[in-house]
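Breakdown of the fold
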Amino acid sequence: MAAGFVTAALGRRGFLMGATALAGLSMLNGRPGIASAQATAGAPVTEVQTGSHWGTFTARVRDGRIVRIVPASMDPAPTPMIRNFPELVHGRTRIHRPMVRQSWLQGGPGAATDRRGADPFVPVSWDEALDLVAGELTRVRETYGNQAIFGGSYGWGSAGRLHLAGTLTNRFLAGFGGYVGSETNYSYGAGMVLLPHVLGGNQAIGGPVTTWHSIMAHTGLIVMVGGAAFKNGQITFGGMGEHTTKPWLNRIAAAGVPVVSINPVAEDETIELGFEWLAPRPGTDAALLLALTQTLVEEGLADRDFLDRCTVGADRVLAYLAGEGDGVVKDAAWAGEITGLPAETIRALARRMAGTRTMIMTSWSLQRADHGEQPWWATVLLASALGQIGLPGGGFGFSYTSTNGIGAPRAEISIPGMTSGRNPVDIDIPVARIADLLLEPGATIPFNGREVTFPDIKLIYWAGGNPFHHHQDLNRLVRAWQVPETVIVHEPWWTPTARRADIVLPATTTLERNDISASARDRWIIAMKQVVPPIAEARSDFEIFSALADRLGFGEDYHEGKDEMTWLRDFWDRGRERAARYDVALPEFDAFWEEGQVQLPEGDCDFVFLRDFRIDPERFPLRTPSGRIELFSETIAGFGYDDCPGHPAWLEPAEWLGNAKDEAPLHMISSHPQHRLHSQMDNGPGAAEAKIQGREPCWVNPEDAAARGIADGEVARLVNARGACLVGIRVTDRVRPGVVMLAEGAWYDPDRPGEPGALDKHGNPNVLTRDVGTSALGQGCTAQTTMVQLVKADGPVPTVTAFDPPAGA
Ligand SMILES: Nc1nc2c(c(=O)[nH]1)N[C@H]1C(S)=C(S)[C@@H](COP(=O)(O)OP(=O)(O)OC[C@H]3O[C@@H](n4cnc5c(=O)[nH]c(N)nc54)[C@H](O)[C@@H]3O)O[C@H]1N2
Ligand SMILES: Nc1nc2c(c(=O)[nH]1)N[C@H]1C(S)=C(S)[C@@H](COP(=O)(O)OP(=O)(O)OC[C@H]3O[C@@H](n4cnc5c(=O)[nH]c(N)nc54)[C@H](O)[C@@H]3O)O[C@H]1N2
Ligand SMILES: [Mo]
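Predicted, not measured: the structure shown is a model, and the values here were computed from it. (Residues numbered from 1 in each chain as written. Chains lettered and ligands numbered in written order. Predicted model: local features only at pLDDT ≥ 70, side-chain atom pairs only at ≥ 80, totals over all residues. Heavy atoms only, no water.)

So, the overall build of the protein
The condition that has to hold: In DSSP terms, a helix is any run of H or I states spanning at least four residues, a strand is any run of E spanning at least two, and both are numbered starting from the N terminus. For a compact globule the rule gives 2.2 Å times the number of residues to the power 0.38, and the radius of gyration it is set against comes from C-alpha atoms. A 1.4 Å probe and the Shrake-Rupley method give the accessible areas. Residues count as covered only by the protein chains that appear here.
Each helix and strand counted, the protein has 28 helices and 31 strands in total. The C-alpha radius of gyration of the protein comes to 26 Å, within 12% of the 28 Å expected for a compact globule of 809 residues. Oriented by its inertia axes, the alpha-carbon framework of the protein measures out at about 75 × 65 × 55 Å. Put simply, the protein shows about 26200 Å² of open surface, and 49% of that area lies on carbon and sulfur atoms.

Thoughts on the sheet that holds strand 22 (residues 524-528)
Strands in a sheet are paired, the pairing made by backbone hydrogen bonds, and the direction either parallel or antiparallel. Keep this limit in mind: At least two DSSP bridges between two strands are needed for those strands to be called paired. As a rule, the C-alpha atoms of each element are fitted with a line to give its axis, helices using only the stretch in contact, and angles between N-to-C directions run from 0 to 180 degrees.
Read across the open sheet, the 3 strands follow the order 21-22-23; overall the sheet is antiparallel. Looking along the sheet, the strands with just one partner apiece sit at the ends: strand 21 (515-518) and strand 23 (597-599). Taking the axes of each pair of neighbouring strands and ignoring which way they run, one obtains an average angle of 10 degrees across the sheet. For strand 21 and strand 22, the ladder comprises 4 bridges, and the chain directions are antiparallel. Bridged to Ala-518 within strand 22 is Ile-525.

Details of the site of ligand 1
Going by this rule: In this text, near means that some heavy atom of the residue lies within 4 Å of the molecule or strand in question. Each polar contact in these results corresponds to two N or O atoms within 3.5 Å; when the atoms are within protein, one needs to be able to donate a hydrogen and the other to accept it, and residues that are neighboring in sequence are counted only if both atoms are side-chain atoms. Any residue with an atom within 4 Å of a point lines the site, the site being either a cavity, points on a 1 Å grid over the protein atoms alone where a 1.4 Å probe fits but cannot get out, or a pocket, an open set with protein on both sides within 12 Å along at least 5 of 7 lines. Placement in a cavity or pocket follows one criterion, namely that more than half of the molecule's atoms lie within 2 Å of its grid points. Residues are grouped as follows: Ala, Val, Leu, Ile, Met, Phe, Trp, Tyr, Cys and Pro are nonpolar; Asp, Glu, Lys and Arg are charged; every other residue, Gly included, is polar. The source of the domain bounds is an automatic or database domain assignment.
With respect to spatial proximity, 35 residues lie near ligand 1, and among them Ser-158, His-470, Glu-491, Asp-541 and Ser-679 are the closest. Between ligand 1 and His-469 there is a distance of 3.3 Å, counted from an oxygen atom to a side-chain nitrogen or oxygen. Contact between ligand 1 and Glu-491: an oxygen atom at 2.5 Å from a side-chain N or O atom of the residue. Contact with the protein chains hides 99% of the accessible area of ligand 1, taken as 920 Å² for the molecule alone. Under a 2 Å grid-point criterion requiring more than half of the atoms, the pocket assigned to ligand 1 is the largest cavity. Elements with a contribution of two residues or more to the shell around ligand 1: helix 18 (467-470) and strand 19 (486-491). Across the shell around ligand 1, the residue classes tally to 10 nonpolar, 20 polar and 5 charged. Looking at the shell around ligand 1, you find at least three residues from each of domain 2 (99-186 + 415-525 + 533-599) and domain 4 (657-792).

Things to note about the packing of aromatic side chains
Our working definition: A pair of aromatic rings is counted whenever rings of Phe, Tyr or Trp (Trp by its six-membered ring) have centres within 6.5 Å, and the orientation is called stacked for planes under 30 degrees apart, edge-to-face for over 60 and tilted otherwise. Residue burial is assigned from relative accessible area. The probe radius is 1.4 Å, only protein chains are included, and a residue is buried under 20% of its type maximum, exposed over 50%, and partly exposed in between. Any Lys NZ or Arg CZ found within 6 Å of a ring centre and within 35 degrees of that ring's normal is scored as a charge over the ring.
Within the structure shown, the criterion is met by 31 aromatic pairs. Taking the centre distance of 5.0 Å and the plane angle of 50 degrees together, the rings of Phe-121 and Trp-494 count as tilted. With Phe-121 in strand 6 (residues 121-123) and Trp-494 in the loop between strand 19 and helix 20 (496-499), this residue pair connects regions lying 373 residues apart in the sequence. Each member of the pair, Phe-121 as well as Trp-494, is classed as buried. Aromatic side chains Phe-468 and Tyr-748 sit 6.2 Å apart centroid to centroid with 15 degrees between the ring planes, which places their arrangement in the stacked category. Taken together, the residues Phe-468 in helix 18 and Tyr-748 in the loop between strand 29 (739-742) and strand 30 (759-760) connect sequence positions 280 residues apart. The rings of Phe-172, Phe-176, Tyr-461, Phe-542, Phe-545, Phe-554, Tyr-558, Trp-567 and Phe-571 are connected pair by pair, giving a single aromatic cluster. Over the aromatic face of Phe-468 sits the side chain of Arg-500, whose NZ or CZ is 5.2 Å from the ring centroid.

Overview of the sheet that holds strand 9 (residues 221-225)
We apply this condition: Should any heavy atoms of two residues lie within 4.5 Å, those residues are considered in contact.
If you trace the 5 strands from one edge of the open sheet to the other, you get 11-10-9-13-14, paired in parallel fashion. Of all strands in the sheet, those with a lone pairing partner are strand 11 (276-278) and strand 14 (395-397), marking the two edges. Strand-to-strand twist in this sheet, taken as the mean axis angle between neighbours without regard to direction, amounts to 20 degrees. Bridge count for strand 10 (residues 259-262) against strand 11 is 3 bridges, and the pairing is parallel. Opposite Ser-261, over in strand 11, you have Trp-277 as the bridge partner. Helix 15 (residues 343-355) contacts strand 9, strand 10, strand 11 and strand 13 (358-362) of the sheet and is inclined by roughly 135 degrees relative to strand 9.

Re the site of ligand 2
Within the structure, ligand 2 sits among 31 residues, and Lys-231, Asn-232, Glu-267, Asp-285 and Arg-368 are positioned closest to it. Contacts to ligand 2 include Arg-368, whose side-chain N or O atom sits 2.7 Å from an oxygen atom. One nitrogen or oxygen atom from the main chain of Arg-676 is found 2.8 Å from a nitrogen atom belonging to ligand 2. Its free accessible area being 910 Å², ligand 2 has 99% of it covered by the protein chains.

Overview of the packing of helix 11 (residues 285-298) against helix 14 (residues 332-339)
Stated precisely, the cut-off is as follows: When an angle is under 35 degrees it counts as roughly parallel; over 145 it counts as roughly antiparallel; between 65 and 115 it counts as roughly perpendicular; any other value is oblique. A crossing counts as left-handed when the near helix is turned anticlockwise from the far one by less than a right angle, and as right-handed when that turn is clockwise.
Between helix 11 and helix 14, whose axes approach to 8 Å, the crossing angle comes to 165 degrees. With respect to helix 14, the element helix 11 is oriented roughly antiparallel. Pair helix 11 / helix 14 crosses with left-handed handedness. Across from Ala-287, Leu-288, Leu-290, Ala-291 and Thr-295 in helix 11, the residues of helix 14 making contact are Ala-332, Trp-334, Ala-335, Ile-338 and Thr-339.

Some remarks on helix 13 (residues 314-321)
Among the 8 residues in helix 13, 6 count as buried, and that is most of the element. Within the span of helix 13, buried status applies to Ala-314, Val-317, Leu-318, Ala-319, Tyr-320 and Leu-321. Those residues of helix 13 that are buried are in contact with helix 11, helix 12 (304-310), strand 12 (311-312) and helix 16 (373-386). Positioned one or two residues after helix 13, Gly-323 has a phi angle of 100 degrees, which is positive.

Topic: the domain arrangement of the protein
Selection rule: Buried area adds together the accessible area that both of two parts lose upon being put together, with accessible area traced by a 1.4 Å probe.
Domain boundaries assigned for the protein yield domain 1 (25-90), domain 2 (99-186 + 415-525 + 533-599), domain 3 (195-411 + 616-639) and domain 4 (657-792). Look at where the C-alpha atoms of domain 2 and domain 4 centre, and you get two points 29 Å apart. Every contact between the two is made by 34 residues of domain 2 and, on the other side, 33 residues of domain 4. Among the residues of domain 2 in contact with domain 4, His-469, Gln-472 and Asn-475 are the three that bury the most area, contributing 25% of the side total.

Section: empty space enclosed by the protein
Summary: where empty space remains is shown by rolling a probe the size of a single water molecule over the atoms. Short version of the rule: Grid points are joined across faces, edges and corners, and a volume is the space filled by probe spheres set on the points.
Counted under the stated rule, the structure contains 4 cavities of 30 Å³ or more. Taken as a whole, the largest cavity holds about 620 Å³ of empty space. For the lining of the largest cavity, the secondary-structure elements that each account for two or more residues are helix 2 (85-90), helix 18 and strand 19. When the residues that make up the lining of the largest cavity are grouped by side-chain class, the tally is 14 nonpolar, 24 polar and 5 charged. Residue lining of the second largest cavity: Thr-113, Arg-116, Phe-468, Val-478, Trp-481, Gln-482, Arg-500 and Gly-754, and that is the complete set. Looking at the lining of the second largest cavity, its residues break down into 3 nonpolar, 3 polar and 2 charged.

Structure, rendered in structure tokens:
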């Protein structure tokens, strides 16, 4: 995803492997790697294997239509989501032709920008569309300069080393003279800014981390802060051969390793696998983790030797825990009041953790909250006090429960991909500050010890993301989106963002082109073969940008005269050379392509994060200023931020159950959806089946539902000062009283498009969420810090129109 993956050098040392272990490279036979005609009754069926963020599968095609999706045989736990592809590729939400918003076409740039999302569209030919885009880019560059172009273009797009829409956009705009970009991400933006100060890098997020093998063999207790949510393990960014996370969890459960899920919500695994469930108030985990640490200290269970040898600043944090400065002891009784968990439960958990080999798995969700840096820093503090960091099966990690493939060992071999090139405009905003950027040109914000000044944006170019799903406070984004003169979007589907563009260029889906999937979290390299020809007039992002670059005179720099297959061959050949340096012999490209897949050798199954550092911190220092784990960071303290002091602390969130107002008494969690990837596949049958009267399901505790006279299966309204949406009610005791859960990703569907404050008919939580950064340090997204009211919807409710193409289409 967006930039910023720094890997600590040291934890990697344990990952070096002997040549013999690597020699066993295998290419599996027996799967339909190439298109093969089969005689069936009627039209011939071809079978083509391809890959995606959801995994690898074979698509059966008859008469140019995908009729069936079959998961790949190497995948032990495929996700049912892949069955959505036939509808996604052929369904009625596809954009078939280049389209221009009517007012823009008639009135030119800047015309009636408040009608974005409301205006009809006018189809144009590809030639006209490309001329319009090239002309408008040139006008903006000449009139305002390249820093008036926003090309941060955040989003998941599709898997593949070539057709990564965001990278292709960046490369194109860099070649055009530059753009305002974005850095960090929505996933763990606050965490990835924090951890380099504390641990010297982000290996604790991206891996390698202590393997599941090591956990299975050595761990006596797993504590999942942010819960077991293996719905999230259905996805690997960039694609995969195997889903490993859920199978490992099943094995761990079968082996009887106790798992405590700390989560206001009980996800499926908590019930299915019989995990222990502790349901704190949302946003209070930092207090819980501090109190667990304080309990260890009080009871003489803290590992002083580890704290002395491997950390700096422990004394100052422990003094804070003991109440020095504010007179408040951060003990179990104190945290009990904040979290809503019994103090004795907190004490008992601390003792259990100290009494056995404990692995703490903290999820990404916790830091998408006001002061989201704190629960992550407090995780490192607690793990340090336990003193098991660097021991087999002990310590902590930040991703085990948030995405597939973390903790699965793999060889250090990578296939290169398309690069974005150097951006001559050297301005990047923290990605979640997009609305601030548009609304406050000239304003300066603090960010990780420096300052970012927002330029005046006149043109937005977006491909591969859906800000009208992903950004917070959508009513504010509606206003911000009216500021630029022109918005250009590439999309396969009529998503809320495509509907709010001035020029929409129809992109192919991943099934309509060739690519290679190779993720650092998986052992498989997959040939992502074209399954069907492009639908209607769709073109790949690469073709679109190549044609534009040709028009604008830098085509040769952009495409280098290479077509799709030539690029893939090129990536492969370079990856093959790299692999040879690790004694791994990859086949020639043609053999790989014909076979359709390659399995890399397994990495070090016994890998333990920070093992060498633990053994000898002098010899294997971290890349922090002190070389140790920074429980107190002079650097962060030196920034002087009130909202992110020099050590982990409990800082009251802007909104939480501890300061609930009558008009918004419920805490809303907006988790990642079970049946889709963000907004992707919301237009498929899987998501549709999960909806309630066509709306996104909202989990409500029986107490809260009864207090409002609301029953399971009804449509109700979630509302706060920022917005309102309709949701389908799921009454369940799997959510803590006072908390509601509405997954992100339902296509935003306002009853009065273009108007801030419209009612979203469909259930997108981001009409309710808050658009303020985590802190001056991380400036991450704070979607989880949201209080709402739930109201019975009396009378008839409006029909959902999110999936009806706009007028003119
Ligand atoms: N309330 C709330 N909001 C959240 C979150 C939350 O927890 N709560 N989570 C946040 C997080 S972590 C993330 S990562 C973001 C995700 O936000 P996004 O990454 O923006 O979400 P997606 O729905 O995956 O959007 C990808 C878009 O790319 C399009 N697309 C797919 N393939 C291609 C292609 O090849 N070419 C082009 N041009 N387009 C393509 C898809 O149709 C889709 O519209 O959401 C964030 N928003
Ligand atoms: N199926 C599916 N899988 C996905 C994605 C998807 O869209 N769909 N998106 C992918 C992406 S981009 C990302 S970033 C990851 C996200 O990974 P995460 O951020 O880990 O996922 P979430 O589902 O937001 O939240 C995980 C759990 O945290 C709990 N939680 C929320 N708030 C709190 C809190 O304050 N305290 C505690 N203790 N628990 C809390 C939620 O109830 C939920 O069960 O998922 C990835 N995997
Ligand atoms: Mo994410």
